[in-house]
Amino acid sequence: MLLGPVGKYALVNAKVRARLSALLPPEAIARLADVRDLPEFYSMLGGTVYDKVLSRPEVSLDPRVAEKLLLEQEVQWHVELIKDLRGSSQKLVEIILEKYEIENLKAALRIREGDRGVDDLKYIIRKELPHSLPYQSIAEAATIEDVLPYLIATPYLMPVKSVLDDYKQRGTLFPLELALEIDFYRRLKERIAALDRNDRRIAQRLLGLEIDLKNLGWLVRLKFYYGVPTGDLVSYHIPGGYRMTSVKLRQAFAADSVKDVLSVALEKSFKPFADLMRKEEELSKLYLLEIILWSYLVSEAKKTLGGFPFTIGTVLSYLILKRTEIRNLITILNGKLLNMERAEIESHLRAAF
């Protein structure tokens, strides 16, 4: 007999609710941004769910290891949730793990291009990911064609092959990175379509919003920073967004400013963040744009958690909020490494919960 929503999500919902209660409150994040140095940062996280990760000896020797370990812990929590899911909902959450692997692959390709040093390989996440990619070999490949054999039997081979000519013509990794992202979200959309009606509706909204935000970020970068002609922008977007219809997308392409792009794309739904849009010169900072857009996604995740609990929405919302928390911790960690003042660090933090 098929399980109903309560039976299907009862166990994972209980675990997610317990994990949600362990999220750091906004005031804790604010205190962390105000610490004097990294030892105090690690100390303040003692007794939290991050204690075991940040108390490891290698963290003190190399603070960049802390970032890697935080991300590996994020992946581990993700994997643990997958074990309590079944069927199409499990398959959906499984594919999200590939996003971490794509970031690893991008990092290895950037090392191959000379944009990063080979030492960065030791900071790549290697645990609990779907495929065992040979990142060292990818980073050391003489040509991009030499990378292809290492991608066989993974979903990454075809998207990379499909844009090799574009990559060579433009002299940048952006076509490869974009192709990997588009293919990932295409496959994610297929997993969403396999869900039952209620789960599908919720997943389309939350994951579709993430696609919208990704598209908006790329649109601003391509139009206002790389000077890509308006007519070419349609080739650089991910299908499957939630609010970004084809009509809105064309209107956003034609917008003359970052503020106009956001206004067209999100309309009244973006109103809670309008105060962050007042200064056009601030919106020209890509990090601030990302923060504004992510704040919108966090607000939608919180709304979902306030609804019927026995759906895929509880799991997806938790993953969004946990990812937000860990990105904030990494931002503070890097801020302290760079001797940034509290105000500057706080300006780079994503929305609180």
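Refer to the structure presented above.
This one's a predicted model, so the numbers in the text were calculated from it and none came from an experiment. (Residues numbered from 1 in each chain as written. Predicted model: local features only at pLDDT ≥ 70, side-chain atom pairs only at ≥ 80, totals over all residues. Heavy atoms only, no water.)

J.: Summarise the pattern of salt bridges; cite the residues concerned and give the values.
T.: By the definition in use, this model includes 27 salt bridges. Note that Lys 99 is salt-bridged to Glu 103, the shortest N-O span being 3.1 Å. Residue Lys 99 and its partner Glu 103 are both found in helix α8 (residues 98-113); the two are separated by 4 residues, about one turn of the helix. Residues Glu 300 and Arg 205 are paired through a salt bridge, measuring 3.1 Å at the closest nitrogen-oxygen approach. In this pair, Glu 300 sits in helix α17 (residues 286-305) while Arg 205 sits in helix α13 (residues 197-225), placing the two residues 95 residues apart along the sequence. With relative accessibility at 7%, the residue Glu 300 sits in the buried group. Among the residues examined, Arg 205 registers a relative accessible area of 16% and is labelled buried. A network of salt bridges, in which partner residues are shared, links Glu 98, Asp 183, Arg 186, Arg 187 and Glu 190. (Salt bridge = Lys/Arg side-chain N within 4 Å of Asp/Glu carboxyl O. Helix = DSSP H or I, 4+ residues; strand = E, 2+ residues; numbered from the N terminus. Buried < 20%, exposed > 50% of the residue type's maximum accessible area, 1.4 Å probe, protein only.)

J.: Go over empty space enclosed by the protein with me, naming the residues and quoting the values.
T.: Across all of its chains, the model carries 1 cavity of 30 Å³ or more by this definition. The volume enclosed by the largest cavity comes to roughly 50 Å³. Contributing to the lining of the largest cavity are Asn 215, Trp 218, Leu 219, Leu 222, Leu 233, Tyr 236, His 237, Leu 249 and Phe 253. For the lining of the largest cavity, the elements supplying multiple residues, two or more each, are α13 and α14 (246-254). (1 Å grid on protein atoms, 1.4 Å probe; cavity = no way out; pocket = protein on both sides within 12 Å on 5 of 7 lines; lining within 4 Å. Points joined across faces, edges and corners; volume = space filled by probe spheres on them.)

J.: Got a sec to walk through α13? Specific residues and values, please.
T.: For α13, which comprises 29 residues, the first-to-last C-alpha distance of 40 Å matches the rise-based estimate of 42 Å (1.5 Å per residue) to within 8%. Immediately beyond the C-terminal end of α13, within one or two residues, lies Gly 227, with a positive phi of roughly 65°. (Expected span 1.5 Å × (residues − 1).)

J.: Which residues make up the environment of Ala 254, and what values do they have?
T.: Mapped onto the secondary structure, Ala 254 falls in helix α14. Expressed as a C-alpha distance, the spacing of Ala 254 and Lys 223, which sit 31 residues apart in the sequence, is 9.5 Å. Among all residues touching Ala 254, those that are not within four sequence positions of it are Lys 223 and Thr 230. (Contact = heavy atoms within 4.5 Å.)

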